[in-house]
Amino acid sequence: MKKISVFLAISILLNLTLFISLKKTGSELENYKIQSDILAKNKKKLIESKDQIINNLNQNVTSLEEGLIECEGGDSNRPIRKIKYEMNNSMLDDPYLGSMDAPVLLVAFGDLASASSRLFAKDTLNKIKQSYIDNNKVRFIYRDFFSLDKGVSFRAANIANCAGEQGMYWQAFQTIISNGDLLDEDNLKTLISRIDNIDDDKIEKCIQKNRYKNEFEDDLNDGLRQGAKGAPNFFILKGSSAVGQPVDNSAPNILKGVLIRGAQPFEVISGEIDKLLN
């Protein structure tokens, strides 16, 4: 009887130990399951966070590509800013080169008295003319962009526009950029005399009247409104068929393209032209 009782006691004790062990294991399994669920949820959040970070990075890259970050330096590697250019009637009387039917419009805002604008006009403009303007691929418009209280810049623009009254704007343009050291008052007549076939008396009378002051002011204000800063600035735009035609100000014509600042080399400007041509 005692043997049975001892055996029973041992059996009960073993079963109790087993029960406690199983219960503990069950609790551990339950805790493990809870922890696994937490880890799974955290993993999901991490994946979602990673996807959000990647998405934000992609958006930032896109913003950079669209030129939303501006760079004021003159180096050729800076970002090029995409823009929308609002055509208006202030550019109807600006000097131009090329066909009205050219598929690309290049609008330059420059200052003939500035070294950087003259650098563009001496080198890059001639290459653009040979490669694109003469082949009816680009129409080029030049607009004056300087502070009206800057005497030497006003003088240079005045000479070129007054020469334009005799159909000799571009001859005067080339003479000015090649003789930038003659733009002071004392050398004015010497500079004018270097413009081939110009009527000296007519151009001097025109210069004295300052009749282009309002046009210079229109160019300056329109350039600032379009996003130009300093000189030169280049707006390379898709489609130039509207140029030369009066614009209905109630429904302005918008051309898309890019803005490049500074006297950039030919390769930079031609690269953007080719993108629009293709």
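Values in this document were obtained by computation on a predicted structure and should not be read as measured data. Residue indices follow the written sequence of each chain, beginning from 1 at its first position. In keeping with the model being predicted, local features are shown solely for residues with a pLDDT of at least 70 and side-chain atom pairs are shown and tallied solely at 80 or more, while totals for entire chains, interfaces and linings include all residues. Hydrogen atoms and water are omitted, and side-chain values are computed over all heavy atoms in the structure.

Digging into the packing of helix α2 (residues 115–133) against helix α4 (residues 169–178)
Step number 1: Axis definition: a line fit to C-alpha positions, over the contact stretch in the case of helices; interaxial angles, taken between N-to-C directions, run 0 to 180 degrees. Note on conventions: DSSP H or I runs of at least 4 residues are helices, E runs of at least 2 residues are strands, and numbering of each starts at the N terminus. Running from N to C, α2 and α4 point in directions that differ by 120°, and their axes come no closer than 8 Å. Relative to α4, α2 is oriented oblique. Seen from above, α2 lies across α4 with left-handed handedness. From α2, R118, A121, K122, L125 and N126 reach across to α4, where they touch F173, Q174, I176, I177 and S178.
Step number 2: Its residues assigned to classes, the contact of α2 with α4 comprises five nonpolar, three polar and two charged. Working definition: roughly parallel below 35 degrees, roughly antiparallel above 145 degrees, roughly perpendicular at 65 to 115 degrees, and oblique for all remaining angles. Here a crossing is called left-handed whenever its near helix is offset anticlockwise from the far helix by less than a right angle, and right-handed whenever the offset is clockwise. In this description, contact between two residues means that some pair of their heavy atoms is separated by no more than 4.5 Å. The classification used treats Ala, Val, Leu, Ile, Met, Phe, Trp, Tyr, Cys and Pro as nonpolar, Asp, Glu, Lys and Arg as charged, and all other residues, Gly among them, as polar.

Brief notes about the packing of helix α3 (residues 151–164) against helix α6 (residues 200–209)
Step number 1: The interhelical angle for the contact between α3 and α6, taken along N-to-C directions, is 130°, at an axis separation of 9 Å. With respect to their mutual orientation, α3 and α6 come out oblique. Viewed along their axes, α3 and α6 form a crossing whose handedness is right-handed. Only I203, C206 and I207 of α6 make contact with α3, whose side of the interface consists of N158, I159, C162 and A163.
Step number 2: Considering only residue class, the contact of α3 with α6 consists of six nonpolar, one polar and no charged.

Description of unusual backbone geometry
Step number 1: Here the bond from A231 into P232 is cis, since omega is 0°, no more than 30 degrees from zero.
Step number 2: Tracing the sequence through the fold places P232 in the loop between α7 (213–226) and β5 (233–238).
Step number 3: Unusually for a residue other than glycine, N136 sits at a positive phi of about 60°.
Step number 4: With respect to the element layout, N136 can be found in the loop between α2 and β4 (138–144).
Step number 5: Classification of N136 as partly exposed rests on a relative accessible area of 46%.
Step number 6: The backbone of N197 sits at a positive phi, close to 65°, despite the residue not being glycine.
Step number 7: Mapped onto the secondary structure, N197 falls in the loop between α5 (188–193) and α6. A 1.4 Å probe rolled over the protein chains alone gives each residue an accessible area, and that area as a share of the maximum for its type sets the label: buried under 20%, exposed over 50%, partly exposed in between.

Brief notes about the pattern of salt bridges
Step number 1: Salt-bridge detection follows one rule: a side-chain nitrogen of Lys or Arg within 4 Å of a carboxyl oxygen of Asp or Glu. For the structure shown, the criterion picks out eleven salt bridges.
Step number 2: As a salt-bridge pair, D219 and R143 come within 3.0 Å of each other at their nearest N and O atoms. With D219 in helix α7 and R143 in strand β4, this residue pair connects regions lying 76 residues apart in the sequence.
Step number 3: Among the salt bridges present, the one from R211 reaches E165, with a minimum N-O distance of 2.9 Å. Here R211 is found in the loop between α6 and α7, whereas its partner E165 is found in the loop between α3 and α4, with 46 residues between them in sequence.

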